[in-house]
Amino acid sequence: MKTTKLLIAAAALSAFAIGASAEDYQGVLQFQSSASRTAVQAAGVVAAHGADPYADGATAGVPAVVAGLSDRAQARAGAIAAARAGNIYADGAGAGPDERFTSTLDRAAVRAQAVATAHGIDRLAL
């Protein structure tokens, strides 16, 4: 029974093999060009020094110069004002400058308390 299955499988595979055919190798294709080697090289040099045809806006050409709406002095003054404004996107940027803090404590008293704390004088002895 095992040999019968093998013979049937071999017959089926041979039937597929008869119908299958591979492509014939035609060799390297030969191109016939009417241009000479020097003409092709010259065209390559021209193309290499030309604009990139695949770049964005390559066919648009050189854009026209747009005249400024303000003169140089106005633009400079605006830039200086913007630089002095600081970071306008920071939290609280529109609040203005911080108010100066004035303490009601004596400077010497604050210093004496800091020294006492640093030396552990104010701690309770347990």
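Just so it is clear, the model here is predicted, and its values are computed rather than measured.

Cut-offs used in this document
Residues numbered from 1 in each chain as written. Predicted model: local features only at pLDDT ≥ 70, side-chain atom pairs only at ≥ 80, totals over all residues. Heavy atoms only, no water. Helix = DSSP H or I, 4+ residues; strand = E, 2+ residues; numbered from the N terminus. Buried < 20%, exposed > 50% of the residue type's maximum accessible area, 1.4 Å probe, protein only. Expected span 1.5 Å × (residues − 1).

Novice: Give me the overall build of the protein chain: which residues, what numbers.
Specialist: Helices and strands together make up the secondary structure of the protein chain, namely four helices and zero strands. What you see in the protein chain, going N to C, is helices and strands ordered as α-α-α-α. Within the protein chain, the fraction of its 126 residues that count as buried is 1%.

Novice: Before we move on, could you go through helix α3 (residues 72-84) and cite the residues and values that matter?
Specialist: With 13 residues, α3 should reach 18 Å at 1.5 Å per residue; the first-to-last C-alpha distance of 18 Å fits that figure. G86 sits one or two positions beyond α3 and adopts a positive phi of about 85°.

Novice: Residues and numbers for helix α2 (residues 37-49), please.
Specialist: Compared with an ideal rise of 1.5 Å per residue, which puts 13 residues at 18 Å, α2 spans 19 Å between its outermost C-alpha atoms and is within 8% of the ideal. Burial of α2 is sparse: only zero of the 13 residues sit out of reach of the surface.

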